[in-house]
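Structure at a glance
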Amino acid sequence: MIVQTAYQTDHGGGTPLHDTDLLTRASWVDAAYACIQIQRGKATGNIRALRCRVCLQHYLVRVGRSVERHCGKVVFLGLLLLSLCCVGLKTATLDTKIEDLWVEDGGRLSRELKYVVSHLGEGSGTTNELVLQLPKVSGTNVLTVQSLLLHLEALKTATRVVVDLFGISWTFRHICNTASLPSFGENDFFNSILHNLEACLIITPLDCFWEGSKLLGPDSDVTIPFVGHKVKWTNLNPKEILQQIGASFSSLDIEEVLDRAGISSAYQEKPCLNPHDPECPTTAPNYLSKKIPDVAAVVNGGCSGFATKFMHWEEDLILGGIKKSRSGTITRAEALLSMVQLMGELDLYEFYKDDYSVRGIGWNQNSSRQILEAWQRSFTQEVEKTVLTQNSTQDYSVYSFSLTNLVDILEQFSQPSILRVVIGYVFMLIYACLTLMKLNDTVQSHAAVGVAGVLLTALSVAAGLGICSVVGVKFNASTTKIIPFLAMGLGVNDVFVIAHTYSQLSQSGIELREQTGECLKRTGVTILLTSFGNSSAFAVAAIIPIPAMRAFCLQCAIVTLFHMASILLVYPAIMSLDLKRQREQRIDLFCCFKRVTLTGDVNVPLPDICSSQPALGSRNHLADGRQGRVVHHTVTFTEPDGSHPATSLAAANSTRFASRSIDMSSPSHSTTSSSQCLASAESDSCCQCMTLCCQRVVRWSLSRFARNVYGPCLQQTPVKVVVICLFLICLVAGIVGTVRIRDGLDLTDIVPRFTKEHKFLEGQSKYFGFYNFFAVTQDNFDYASAKNQELMHSYHKAFQRVDKIIKSESGILPDFWLQSFKLWLLEIQKAFDQDVADRRIVQNGSFANSSSSGRLGYKLIVQTGKYDDPVDRKRVADGRLVDSKGIIFPPAFYIYLTAWTSNDPMGYAMSQAIFRPKPREWIFDDSDLKIQIPRSQPLQYAQLAFYLHDLGDTQSITATIKEIRNICDTFSDKGLPNFPSGIIFTYWEQYINLRFFLMLALISVLAAEFIVITIVLVNPWAAVIVVVVMAMVVVELFGFMGLFSIKLNAIPAVILIVTVGVSLQFIIYITMGFLTSTGSRNRRMVLALEHFFAPIFHGAVSTLVGIVMLCESEFHFIFKYFFVVLSAMVIVGMGNGLVLIPVVLSVIGPNAEVIPANDADQLPPPSPKPPSRPRADGERRPRCPMGKRGLQRMQPVDPMSTITEESSQYSSAISVDIVPEVVIKTSKRGRSPTVTFTTASSSVSGIETQDDKDICSSESHCCSCSRMRSHSHPVTESTMLPSNQQVTRIVATTRVKVEVHTPGPGVVSYLPEYKSKKRKRQDPVNASGITSPSQSSSSSEL
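Figured I'd write up the structure that's included with this text. (Residues numbered from 1 in each chain as written. Predicted model: local features only at pLDDT ≥ 70, side-chain atom pairs only at ≥ 80, totals over all residues. Heavy atoms only, no water.)

Observations concerning empty space enclosed by the protein
Let me state the cut-off plainly: Within this scheme a cavity is a closed region of a 1 Å grid, computed over the protein atoms alone, that accommodates a 1.4 Å probe without allowing it to escape, whereas a pocket is open but has protein on both sides within 12 Å along at least five of seven lines; lining residues each have an atom within 4 Å of a point. Grid points are joined across faces, edges and corners, and a volume is the space filled by probe spheres set on the points. Put simply, DSSP H or I for four residues or longer makes a helix, DSSP E for two residues or longer makes a strand, and each gets a number counted from the N terminus. Only Asp, Glu, Lys and Arg are considered charged, only Ala, Val, Leu, Ile, Met, Phe, Trp, Tyr, Cys and Pro nonpolar, and every remaining residue, Gly among them, polar.
Tallied over the entire structure, the rule returns 19 cavities of 30 Å³ or more. Considering only enclosed or pocket space, the largest cavity measures out at about 340 Å³ in volume. For the largest cavity, the lining is made up of 23 residues, of which Ile98, Trp102, Leu410, Leu745 and Ile750 are closest to its centre. Elements supplying a minimum of two residues to the lining of the largest cavity: α7 (98–101), α18 (403–414), α21 (477–505), α34 (983–988), α35 (990–1017) and α37 (1050–1076). For the lining of the largest cavity, the element with the most residues is α18, which contributes three residues. Of the residues that constitute the lining of the largest cavity, the class distribution is 15 nonpolar, six polar and two charged.

Some points on the state of the cysteines
Convention followed: Two cysteine sulfur atoms make up a disulfide if the distance between them is within 2.5 Å.
A complete count under the given rule lists three disulfides for this structure. Paired by a disulfide, Cys176 and Cys200 hold their sulfur atoms 1.9 Å apart. Its S-S torsion of about -65° marks the bond between Cys176 and Cys200 as left-handed, since a negative value means left-handed. One end of the pair, Cys176, is in the loop between α10 (172–175) and α11 (188–196); the other, Cys200, is in the loop between α11 and β5 (202–203), with 24 residues separating them in the sequence.

Topic: the packing of aromatic side chains
This is how it is decided: Only centres within 6.5 Å qualify two rings of Phe, Tyr or Trp (six-membered ring in Trp) as a pair; their planes then separate them into stacked at under 30 degrees, edge-to-face at over 60, and tilted for everything else. Throughout this description, buried means an accessible area under 20% of the type-specific maximum (1.4 Å probe, protein chains only), exposed means over 50%, and partly exposed covers the range between. Each ring is checked for a lysine NZ or an arginine CZ that lies within 6 Å of its centre and within 35 degrees of its normal; such an atom marks a charge sitting over the ring.
Evaluation of the coordinates by the stated rule reveals 40 aromatic pairs. With a centroid separation of 6.3 Å and 70° between ring planes, the pair formed by Tyr431 and Phe496 is classed as edge-to-face. Residue Tyr431 is located in helix α19 (residues 418–436), and its partner Phe496 is located in helix α21; the two are separated by 65 residues in the primary sequence. Across this residue pair, the class does not change: Tyr431 and Phe496 are buried. Between the aromatic rings of Tyr795 and Phe799, the centroid separation amounts to 5.2 Å while the plane-to-plane angle is 80°, which identifies the pairing as edge-to-face. Judged by its relative accessible area of 0%, Tyr795 falls in the buried class. Members of the aromatic cluster, each reached through a chain of ring pairs, are Phe781, Tyr783, Phe816, Trp817, Phe821, Phe893, Tyr894, Trp900, Tyr908 and Phe915. Lying across the ring of Tyr287, Lys290 places its NZ or CZ 4.2 Å from the centre. Over the ring of Phe971 we find Lys974; its NZ or CZ atom is 4.7 Å from the centre of that ring.

Looking at the pattern of salt bridges
The following threshold applies: What counts as a salt bridge is simple: a side-chain nitrogen of Lys or Arg found within 4 Å of a carboxyl oxygen of Asp or Glu.
Evaluation of the coordinates by the stated rule reveals 26 salt bridges. Residue Arg369 pairs with Glu345 through a salt bridge whose shortest N-O separation is 3.0 Å. In this pair, Arg369 is assigned in helix α17 (residues 365–390) and Glu345 in helix α16 (residues 345–352), connecting sequence segments 24 residues apart. When its relative accessible area of 16% is taken as the criterion, Glu345 is described as buried.

Concerning the packing of helix α22 (residues 512–541) against helix α23 (residues 547–583)
Our working definition: Axis definition: a line fitted to C-alpha atoms, limited for helices to the stretch in contact. Angles are taken between N-to-C directions and run from 0 to 180 degrees. Throughout, the term roughly parallel applies to angles under 35 degrees, roughly antiparallel to angles over 145, roughly perpendicular to angles from 65 to 115, and oblique to all others.
Contact geometry of α22 with α23 gives a least axis separation of 8 Å together with a crossing angle of 170°. The orientation of α22 relative to α23 falls into the category roughly antiparallel. Broken down by class, the residue content of the contact of α22 with α23 amounts to 19 nonpolar, eight polar and two charged.

Quick word on helix α4 (residues 31–39)
Spelled out, the test is: Polar contact criterion, stated in full: a pair of N or O atoms within 3.5 Å, where within protein one must be able to donate a hydrogen and the other to accept it, and residues adjacent in sequence count only if both atoms are side-chain atoms.
Of all nine residues in α4, eight are buried, a share of seventy percent or more. Where α4 is concerned, the buried positions are Ala31, Ala32, Tyr33, Ala34, Cys35, Ile36, Gln37 and Ile38. Where α4 begins, one side-chain oxygen reaches toward the backbone nitrogen of Ala32, 3.2 Å away; that side chain belongs to Asp30. At the C-terminal side of α4, Gly41 shows a positive phi close to 80°.

The following block contains the structure:
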């Protein structure tokens, strides 16, 4: 009863009873009617799915009717709310930090990064500015004097960069990372000299030559007392200066301090690249000979700075493309690399925070960051300018690069390309406009509806992203580059489906005010299914702990919900406004203008005069011989006595009737069908014929192709076999490609080609692949114990196995902080032992002639490390700073650490240890009589520095990461808490677990889609087929990327997740069309394709049109990873949706939701209720059980609806000629009477035939008739009729005259039980379509 009530309520003004979709696709058109047929035993089916559909359709119809009544208000409020949500985009933040995007939230790497920041602070460490020199011709040797001199000029330019910020000129020396020289206690004289000579740290192959000193400065000459000249590093010889001032300051033992740092003659004994340089020192090896040095021989084994003990640059660090002889000496190289080190923003801030020069500018860490970024940008610009001026005739190219360049590139890449998105949407607007436009009928055209749908989709995307910004979901490259086109793909398909259905309903005869509700009833369920399915899938995928993927999935889910709300509420209101435009006969896209007709009265649309087949019966029984009439098949039933005939239109796709010509002179007619013809009174022009032909091509080509060519082709068994085999091959290829796909994202991919940044990254990756990393040791570890000291040495030694770590020429790793600490103590111990042996140091103290190192050793060795007894002079006799096993004396470990970090600053700085908490400061001073040394706090953070090379691709980087991780995990199990830290782990460790998280996301999305589809369709088998095909789409796209060398990284991973949602749009519509159709699997497949082929194809093509602008991006990455992958996604999805899924459904598809009894191809049509008889005077109007509103929704019922339940043997063949007339009359004629009737020369308004269907074929649909207006100028015609004929003239409310020529009584015999059976079947829905015997004429709206 509930279903029946819903059917009556919704059907009151909805689907016409003669709508063939109601019979062949009942659950799609009206699930309530399908339920009623199942309840009456006329069909079987999935009653649970239908009941669910009835409920959804009932509410959708109510929503549609409410929207139609208040369409203007809905549009205004909808657009207002969406616009208000768009305001949230002002709060959008674009996140470009890799550690914030692709580091697993709460994972190991995230915890490690937080640990580093908590101990070192944000922005700590140093930054490297790189200068790379490459030959213009590949293979050219760069180890030449000319090449190195060019390299020198580029570096000199870089070190002269000055930026003006905050009213201060910031030079290179202000912000560079300096090599700390030894301190001489409280001797301010020498400390000030050394401060002026402090050199910026530059790692360069020029350090092998004297010219390397030109990069160290200082900017102005330094005056040293007792030295006859001013000094710079170009003429500074520390040994010579010490000899000159040694007599006056011999007590300071400066030479001993410098020897510990390896500072001797600095650059004065190195060869000059240009021996003719006036400043070339006389001590240079080639000064006298003036010979050009052998560059390859000099750089063999690496280069050293002015402090040879700590500044040694291995050859792999500064030379690329090295070629060596059999003896192992360098013969040539193809690249030079120099690194200029700057302070980090935190170090720069702390260095100047107490300086008087920055007190008035609000100095903070943000100020230091701005200075560094401005300087780095000027650095790259100045180097480029210098190279352009110096390198006009050179054979080499010099490129510079900095971390700021990389950040700028990532930020530029992440910025939304608004122009491209707008152009893409404009292209899609044009396509939608052309697709839905009707050139021959500007009123019935729906181009404005398509344009409005595209604009509404764009607005809903912006509104959804605005809400995401308000709730705190950050934007990233995935958001700005993918979501606009994802929404285009997901939204436009729905727009085309609902617009396609709306276009069909405009020709169905449904009242205009009911079309909105009817359109929502038919399409709303599928839109709800796809929208809720996709939003649920994206929401489930948000469980992935990768922040970028999580943010993207949440944004997709929110945008999908906004699109669903817009397409189900606002878009129907827009269609309702378009319906009002049609009622007022206004032109599409130009609604301010009304259509102008040629006659000034009505517009004459084109009948089907261009058909190659003439109307049936036009040769034999049409008196005036008019051609090109619109022909309808009809069925006429009479009583046994031959009186009171009832005529109805046959079903549009009925195959029970055969059409043939009728000879009206024959006394009887045994044909099973007749035809009616609508024609204009005047002949039609060739121009109108051509217009109609163009209309067929533009509007119905895809539907005709799907119904007449494509669908029948797929029905063939060989074609099915070929399709299945083809897609199995694609699946296998996808699996192969999935195995072959490589992980990674090269930096060269995200940098525009043919730029200096791209060339630098390409050369750096090819020749060096240089990166650094740190092995961090944590707290909860006793560094002082002997066991743990041995464990630290084993830990450092374990990295010897990593091939990519740069080692010395002998294959040994550089010393780490504990080794440098131990070596410093051993040198102190050696000097102390020598003084003790020479009796310059005794148990009670030292003498003046003892060495500075011996006296420092005395203070160190008497330390006990005990709080109650800190000093023990007895240890002078047998105490050791470092024992024979290399273990530092554990009780005094942190006391010795204080002395080392304070008195050997260069050793501590070059070890890059960075202790936290910072060790206490204690500078050795001979004048200080205190022996006790302060103890530093136990270490919670320390690091070991390593340099990596030859990491040119992601595979080598990830392999190195795994190798390093294994070492760290092994020692963590041994009790040493540690982890690696560096840019390679932040940027590339994501690829180690990327596949796992991607598979997790895909499984989650597919599972969510399966659950939603199963719940809505109540058909698990259909859900299984849909999900399996979607999984095939993902595998095929995955394999496509592998076969076409597209690497798996964050962007393709996100697109693969998106593929599930996009493929659902292609697959679910065909599946829904298949489930809701009746007949065999093959027939249901064709019906599904006939209805959905066009909108799916248009949606896919419009998406491709929208993303075509991406191919013009200057970023090759956007073309390769966005345009190519997105295009492949659409093409693969469309191929599976329009080719594979129809074949699969036709072979193993689920049963139809409604199966007619006796395996018929369609349900029995509902018979209309008989028209109410005229009320007599004074008779009261009967009350309507449905109420006044229900009565208002009821339409006049067509008494000429098709009756196909009866067998054809009970019908007589007639010919019905429908012509305009103004008189209604019924009469019986005798023998050969002459029937005279009056007609008006009228024009027909709004006739639209379904051109893609052959009107006279046995499977033709009934043509729709429209209103006709009569004119003056009556014309009298006479027709001779045979005897025993009854002539019935019916004037419909559309003022159409129908002449029915029916055989006389007794010509067609009836079975006696026919009328009784039909009367028994009558019910409140009026399943019977037989007219009352007493009824001889009626009015109906055709």
